[in-house]
Amino acid sequence: MSMQNTKKESFMDNLRSRLEGVNLRQNGIFLALIGLIIFFAATTPGAASITPDNVSNLVMQNGYILVLAIGMVMVIIAGHIDLSVGSIAAFIGAVAGVFVVRPLEQDGWEWLPALPWFVGIIAAILVGALVGVWQGFWVAYVGIPAFIVTLAGMLIFRGLALMTLQNSNIGPFPDEFRAIGNGFFDKENTLGASLGFPVDLNAAALVLTAVGILALWWREITTRRGRAKYGQAIEPWVWFLVKNTMLTLMIGGVGFQLARANGIPYLLILMIFLIVIYSLIMNKTTFGRHIYAIGGNLNAAMLSGINVRRVNFWLFVNMGALAALSGILIAARMNSAVPKAGDGFELDAISSVFIGGAAVQGGVGTVTGSMIGGMIQGVLGNGMNLNSVGIDSQMFIKGLVLLFAVAFDVWSKRRK
Amino acid sequence: MSNNILEMRSITKVFPGVRALDDVSLTVERGHIHAICGENGAGKSTLMKVLSGVYAHGTYEGDIFYEGEVVAFKNLRDSEAKGIVIIHQELALSPYLSIAENIFLNNEIKRFGLIDWNKTGQEAQKLIARVGLRESPDTKIKEIGVGKQQLVEIAKALSKRVKLLILDEPTAALNDEDSAHLLDLLRHLKGQGITCIIISHKLNEIASIADKTTIIRDGKVIETLDMAGGKVDQERIIKGMVGREMENRYPQHTATIGEEIFRVENWTAHHPEETSRVVVDNVNINVHRGEIVGLAGIMGAGRTELARSIFGHSWGSKISGKVFINGKEAKVSTIRDAIDSGIAYATEDRKRYGLNLIDDIKRNISMASLKEFLKRGLVDDNREFVVASEYRESMNIKAPSVNSVVGKLSGGNQQKVVLSQWINTKPEILILDEPTRGIDVGAKYEIYTIIQNLADSGKGVIVISSELPELLGICDRVYAISEGRITGEVEKKDFKPELLMKYMTTEKGH
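Residues numbered from 1 in each chain as written. Chains lettered and ligands numbered in written order. Predicted model: local features only at pLDDT ≥ 70, side-chain atom pairs only at ≥ 80, totals over all residues.

Under the UniProt heading Subcellular location (unreviewed entry), the entry covering chain B gives this text: "Cell membrane". (UniProt positions renumbered as here; feature names shortened; annotations may be inferred.)

Annotation of chain A in UniProt includes, under Subcellular location (unreviewed entry), the sentence "Cell membrane".

Written out as structure tokens, the structure is:
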């Protein structure tokens, strides 16, 4: 018995040392996402899940959840939670509607001129940040648990959304405003026309995809070289190649399908921009590092001179601004600000973060992981829709996926 | 039946890397008050945990005879069933429940499966009368003081029909009046045939109450003294506690002491919740460049509280006094201010207060000095890796790389990470709180060397420790602290454990 144990352990140790530098959890969910995509490509009638239009839809439908998940993962890493983001999104959608569509027709807003669409967006995001100031104040400076503050916020901001909308919808929005949720980069394919491309193949999308792939390889290779130069552990080169080839195929596949549809959505460009910026914030700025430190050990962070209150405060301000952006995207996509917007989105965002490998106790999680978690949910929902799975079974399955993803996390941690 | 209620024979308990108890035998006579003395870490608490079943039978070697028969306790419940009850220094009472509810917690009086509250109140009333507590059984625990809470614990023990009562530092947190009352109660219980084992640092109390005193040092029994007739005094107990060989446990070192680098004047701090309680009482201390200054005191004397109140007011309320660094008054009202002024504080509890255990070595080392690693506003993680690797090399942190997770390291290596973290803040003065707690002997030697190197590089170092020999082994000067006051200051040439132990146990009004 004991012989077997030591044998097994030494095998596991061996495996572990070989895999040093490989983030098992992160790569695990990435592989799960690839597996899901392949599964639905094979099972949906006529491979409907990977048709150009569906890929395009998939991107457009999940963008606003992913924006929420970016803010949410930061909040969760610090050991908090935010239940109010769906309501904030609805409230800010309404505010944006008032700002850019028809302040004159809403009682009490007559003093406000209809703002140009981009001024309206900036102003709406600032209002979202103010909402964050409110919640951050209670969490950071009064010391009320975020669960309570944001549970209250869930009601408060849904209420404010209803009040702002005065029991109606606001819309339609100007075309430029709608474009952030619905528009495509060079939809008319003018670049393709000048290059003599077929009408239904968007040249700009192909160029952007190529740029994206080159940027990926450039970054991966320079990071790897940098780490190697300083003697840091690096992934085995086989895995490095396999992983990045898979990523390339995925990005290339999505890009090509988007080119065959309407081109690259502005939303996708915005998403990639946010993911890059926020990954940078979390890994390379003092603010991001302090978030991890606070979530990992609050007392130690405090005794290291970190101003915990200030970090918590800005976390919620940031979450408010991102929830606002999400609300604007929803309004833009629906071309209308409605009272029920963003209903239940906080739960989708939270699920994305936990499927993406964040720890319930805080201290652990990544922006990219949460994005993959969000995409898993999106692909799963979309694929089940195409397979005509009922909404009842969909909820059931999504619930199990969340539970098992976190259970796997707990289990793999216990084995260490 | 023999006259001994308890015989522990050749108990040996080994933790990874530490022999906490080494062939310990203890005999307690029925109806006696038996004191156990020893420094922190000597093995007293471990011995009591073996006795009460916290460390289950089978995890230690040796036999326990209780009431004439061999016992093999698997847990606390087993030992309690036999009438052995242990009361820990940190009381195990639930603050929002009443006295009666606490007394019968997990031992509820039931009728038809439901709690019989009438009977509970009645029985509780009897028990609290027996311990001389004048409170209603319905009073919530949080509304009564520590002294009365201690009595509730004893009432709880009586409700379990205790035969052998073990008290771990029962008077450490009590004032003189409450202590006197508690000791009277123990004498009274003794009259009723209850045997008592008492662990205490308060030697005058032991001298007055104990029938026998067993002295433990380094996991071994040194001697058992018969206290009858008042022949044994505090000096005699101290001699047994500290008299050990001190060669080769501390690296040789000659200090080059420079000008004054750190001075604290009239420092007073109150308890954070009970704001009227003075915990640090008008303390004046100083440290010179190149000097290692010890702060000696028993647990609860106010050592850590002094350090943490100086370190950015991170403990206490109503803090007053001045801190000078290099002759200039330093701002220490927030932790950031204290760090920027050149103070570093390495905590006594590195797991709870010192380290982010789920993160890697390099990020723990950079945690308190992250600004130093910024390049164009972003953290340069390659430099972070390089700097951390330098510390790994110079501190001899045993880990495959600085990307290893800190939680998996041994205590000694974790402590080296803590020290690296603080050295990297480039402090003038380092306050090291129990720097060798929970660390094996070899790693201790390394830590001492690091401390001496720090002093030699011109910094001032304050070492807080419960282990007197450690302070005498590495310090150039030692302050003794007792009940929040500095009760003595001893230069290296005058180092004598007995003298310091006397200062450390000096009580107010004595």
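Moving on, there is more to tell.
Caption draft 1: The overall build of chain B, seen in detail. A tally of helices and strands in chain B yields 17 helices and 24 strands. At 25 Å, chain B has a C-alpha radius of gyration in line with the 24 Å of a compact globule built from 510 residues. In terms of its C-alpha atoms, chain B occupies a principal-axis envelope of roughly 75 × 50 × 45 Å. Relative to its full complement of 510 residues, chain B shows a buried share of 48%. (Helix = DSSP H or I, 4+ residues; strand = E, 2+ residues; numbered from the N terminus. Rg over C-alpha atoms; globule rule 2.2 N^0.38 Å. Buried ≥ 20, exposed ≤ 12 C-beta atoms within 10 Å, placed from the backbone.)

Caption draft 2: Focus on the interface of chain B and chain A. On the chain A side, the residues contacting the 24 residues of chain B number 21 residues. Counting residues per element, the ones that place at least two in the side of chain B that touches chain A are helix H10 (335-341), helix H11 (350-354), strand E20 (378-379) and helix H13 (381-395) of chain B. Residues of the side of chain B that touches chain A, tallied by class, amount to 13 nonpolar, 7 polar and 4 charged. (Contact = placed C-beta atoms within 7 Å. Nonpolar A, V, L, I, M, F, W, Y, C, P; charged D, E, K, R; others polar.)

Caption draft 3: Region of the structure containing the domain arrangement of chain A. Residue and element names in this part refer to chain A. Segmentation of chain A into domains returns domain 1 (26-37 + 48-183 + 265-415) and domain 2 (185-264). Computed over C-alpha atoms, the centres of domain 1 and domain 2 are 26 Å apart. The partner domain 2 presents 11 residues to the 11 residues of domain 1 that form the contact. Taken together, the elements giving at least two residues each to the side of domain 1 that touches domain 2 come down to helix H2 (24-43), helix H3 (52-77) and helix H11 (266-284). By residue number, the principal contributor to the side of domain 1 that touches domain 2 is H3, which donates 4 residues. Taken together, the residues of the side of domain 1 that touches domain 2 break down into 8 nonpolar, 2 polar and 1 charged. (Domains from an automatic or database assignment.)

Caption draft 4: How the structure looks around the sheet that holds strand E10 (residues 195-199) of chain B. All names here are of chain B. Spatial strand order, E6-E9-E10-E3-E11-E12: 6 strands in an open sheet with mixed pairing. Two strands close off the open sheet at either side, each with one partner strand: strand E6 (84-87) and strand E12 (220-226). The sheet shows a mean angle of 20 degrees between the axes of neighbouring strands, taken without regard to direction. Bridging between strand E3 (residues 33-37) and E10 involves 4 bridges; their strand directions are parallel. Within E10, the residue paired with Ile33 across the bridge is Cys196. On top of the sheet, helix H8 (residues 234-242) reaches E3, strand E11 (212-217) and E12; it is set at about 25 degrees to E11, its chief contact. (Pairing = 2+ DSSP bridges. Axes fitted to C-alpha atoms, helices over the stretch in contact; angles between N-to-C directions.)

Caption draft 5: Structural detail: the environment of Gly258(B). Residues and elements named next belong to chain B. In this fold, Gly258 is placed in the loop between H8 and strand E13 (260-270). Linking Gly258 and Arg289, residues 31 residues apart in sequence, is a C-alpha distance of 4.8 Å. In this structure, Gly258 is in contact with His288, Arg289, Gly290 and Gly458, ignoring residues within four places of it in sequence.

Caption draft 6: Here's a closer look at the sheet that holds strand E21 (residues 429-433) of chain B. Residue and element names in this part refer to chain B. As summarised here, the arrangement of the 6 strands in space is E18-E21-E22-E15-E23-E24, forming an open sheet in which the pairing is mixed. Each edge of the sheet is formed by a strand with only one pairing partner; in this case those strands are strand E18 (343-346) and strand E24 (485-491). Taking the axes of each pair of neighbouring strands and ignoring which way they run, one obtains an average angle of 20 degrees across the sheet. Of the strand pairs in this sheet, strand E23 (residues 477-482) and E24 are connected by 6 bridges, and their pairing is antiparallel. Paired with Arg477 across the bridge in E24 is Glu491. Packing against the sheet, helix H17 (residues 497-504) makes contact with strand E15 (292-296), E23 and E24, and its axis sits at approximately 35 degrees to E23.

Caption draft 7: Summary view of the domain arrangement of chain B. Residue and element names in this part refer to chain B. Considered domain by domain, chain B is made up of domain 1 (4-242), domain 2 (247-342 + 427-510) and domain 3 (351-426). Taking only C-alpha atoms into account, the centre of domain 1 sits 32 Å from that of domain 2. Every contact between the two is made by 14 residues of domain 1 and, on the other side, 12 residues of domain 2. When residues in the side of domain 1 that touches domain 2 are grouped by element, the largest group, 4 residues, is from H8. When grouped by side-chain class, the residues that make up the side of domain 1 that touches domain 2 number 6 nonpolar, 4 polar and 4 charged.

Caption draft 8: Representation of the confidence of the model for chain B within the structure. Residues and elements named next belong to chain B. The pLDDT averaged across chain B works out to 89; a share of 97% of its residues lies at or above 70. Mean pLDDT in chain B bottoms out at H8, which sits at 78, and peaks at E18, which reaches 97. Reported confidences for the modelled complex are a pTM of 0.81 and an ipTM of 0.86. (pLDDT = per-residue confidence, 0-100.)

Caption draft 9: Just the nonpolar core, in detail. By size, the foremost hydrophobic cluster in this structure holds 266 residues, and its most contacted members are Leu68(A), Ile92(A) and Ile451(B). Beyond its immediate stretch of four places on either side in the chain, Ile92(A) contacts Ala124(A), Val127(A), Gly128(A), Ala323(A), Ala324(A), Gly327(A) and Ile328(A). (Core = buried A, V, L, I, M, F, W, Y, C linked by C-beta atoms within 7 Å.)

Caption draft 10: Spotlight on the packing of helix H9 (residues 203-229) of chain A against helix H10 (residues 237-260) of chain A. All names here are of chain A. Running from amino to carboxyl end, H9 crosses H10 at an angle of 165 degrees, the nearest separation of the two axes being 9 Å. On the basis of the axis angle, H9 is roughly antiparallel to H10. Read as a crossing pair, H9 and H10 show a hand that is right-handed. Here H9 contributes Ala205, Leu206, Thr209, Gly212, Ile213, Leu216, Trp217, Glu220 and Arg224 to the contact with H10, which in turn contributes Phe240, Asn244, Leu247, Thr248, Ile251, Gly252, Gly255, Leu258 and Ala259. Across the contact of H9 with H10, the residue classes tally to 10 nonpolar, 6 polar and 2 charged. (Parallel < 35°, antiparallel > 145°, perpendicular 65-115°, else oblique. Left-handed = near helix turned anticlockwise from the far one by under 90°.)

Caption draft 11: Inspection of the pairing of E12(B) at higher detail. All names here are of chain B. Bridge count for E11 against E12 is 6 bridges, and the pairing is antiparallel. The residue of E12 that forms the bridge with Thr214 is Thr224. Counting the residues that bridge the hairpin from E11 to E12 gives 2 residues, and of these Asp218 lies at a positive phi of roughly 50 degrees.

Caption draft 12: Layout of the environment of Lys444(B). All names here are of chain B. One can find Lys444 in helix H15 (residues 441-456). Sequence separation of Lys444 and Asn3 is 441 residues, and the distance between their C-alpha atoms is 43 Å. Not counting the four nearest positions on each side in its chain, Lys444 is found in contact with Thr436 and Ile439.

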